[in-house]
Amino acid sequence: MVNGQCSMKKTTVYDCTMVEFDKHHHETGNITVVENGRTVPFDVRRSYWLYDVPGGESRGGHAHKQLRQLILAASGSFTVTLDDGSVKRTFMLNRPYQGLLVMPGIWRTLDDFSSGSVCLVLASEKYDEEDYIRDYDEYLKYKADGNKNT
């Protein structure tokens, strides 16, 4: 870690985890609350959602150098596959009170969207194209270069 940040070159899929939020039940419907620095392990600087993803399509297909994300299925379901260049882990997101914390330096793809699903993403940083690695071979080289000194 450098200045409280994980080195993206050394993070693994095991640094990513499911986060469960409190679900407050009421006979007229449930509510789940997220708060910066309390229930979300970072300050949210950007949020966005994916919806109307056609059947059979994938989203993601990239890694971030600094950005942390919390990915939630606000509605419906989808799978998230995380890849650190050596190990892959797949998570099914299908509960609106659970999210997947994705650390920097992890390649991610989102697949198998159910009809009507909504993927909500809470991000630690504002959009910055320089933070993305969009080519998988470049990603593998970057990770391998970072792990030579370990």
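Predicted model only: the values in this text are computed from it and were never measured.

Draft legend 1. View of the overall build of the chain. A tally of regular secondary structure across the chain gives one helix and 12 strands. Counting from the amino terminus, the chain carries its helices and strands in the arrangement β-β-β-β-β-β-β-β-β-β-β-β-α. Over its C-alpha trace the chain gives a radius of gyration of 16 Å, about what one expects of a compact globule, namely 15 Å for 150 residues. Principal-axis analysis of the C-alpha atoms places the extent of the chain at approximately 55 × 35 × 25 Å. Per-residue burial over the chain gives 39% buried out of 150 residues.

Draft legend 2. Broad picture of the pattern of salt bridges. Within this structure, the stated rule accounts for four salt bridges. A salt bridge links arginine 134 to glutamate 129, with the shortest nitrogen-to-oxygen separation between them at 2.9 Å. Here lysine 141 and aspartate 145 are joined by a salt bridge, their closest N and O atoms 3.1 Å apart. Placement of both lysine 141 and aspartate 145 in helix α1 (residues 136-147) is noted, with a separation of four residues, approximately one turn of the helix.

Draft legend 3. Representation of the packing of aromatic side chains within the structure. Under the definition given, this model contains five aromatic pairs. Ring geometry for tryptophan 107 versus tyrosine 139: centroids 5.4 Å apart, planes at 45°, classification tilted. Linking tryptophan 107 in strand β10 (residues 107-111) with tyrosine 139 in helix α1, this pair joins segments that are 32 residues apart in sequence. Here the two residues tryptophan 107 and tyrosine 139 agree in accessibility, since each one is buried. When the centroid spacing of 5.9 Å and the interplanar angle of 35° are considered together, the rings of tyrosine 136 and tyrosine 139 count as tilted. Separated by three residues within a single helix, tyrosine 136 and tyrosine 139 lie in helix α1, roughly one turn from each other. A relative accessible area of 0% means that tyrosine 139 is categorised as buried.

Draft legend 4. Fine view of the sheet that holds strand β5 (residues 59-64). Strand order in this open sheet of five strands is β8-β7-β10-β5-β12, and the pairing throughout is antiparallel. The open sheet has two edge strands, β8 (88-93) and β12 (132-133), and neither has a second partner. As defined by bridge partners, strand β7 (residues 78-83) adjoins β10 across five bridges and the pair is classed as antiparallel. Residue pairing across strands places threonine 79 opposite aspartate 111, the latter belonging to β10.

Draft legend 5. Local environment of the pairing of β5. As paired strands, β5 and β10 are joined by three bridges and run antiparallel to one another. Looking at the pairing, histidine 62 lines up with arginine 108 of β10. In this sheet, β12 lies alongside β5 in antiparallel orientation, the contact comprising two bridges. Bridged to alanine 63 within β12 is isoleucine 133.

Parameters and conventions
- Residues numbered from 1 in each chain as written.
- Predicted model: local features only at pLDDT ≥ 70, side-chain atom pairs only at ≥ 80, totals over all residues.
- Heavy atoms only, no water.
- Helix = DSSP H or I, 4+ residues; strand = E, 2+ residues; numbered from the N terminus.
- Rg over C-alpha atoms; globule rule 2.2 N^0.38 Å.
- Buried < 20%, exposed > 50% of the residue type's maximum accessible area, 1.4 Å probe, protein only.
- Salt bridge = Lys/Arg side-chain N within 4 Å of Asp/Glu carboxyl O.
- Phe/Tyr/Trp six-rings, centres within 6.5 Å; stacked < 30°, edge-to-face > 60°.
- Pairing = 2+ DSSP bridges.

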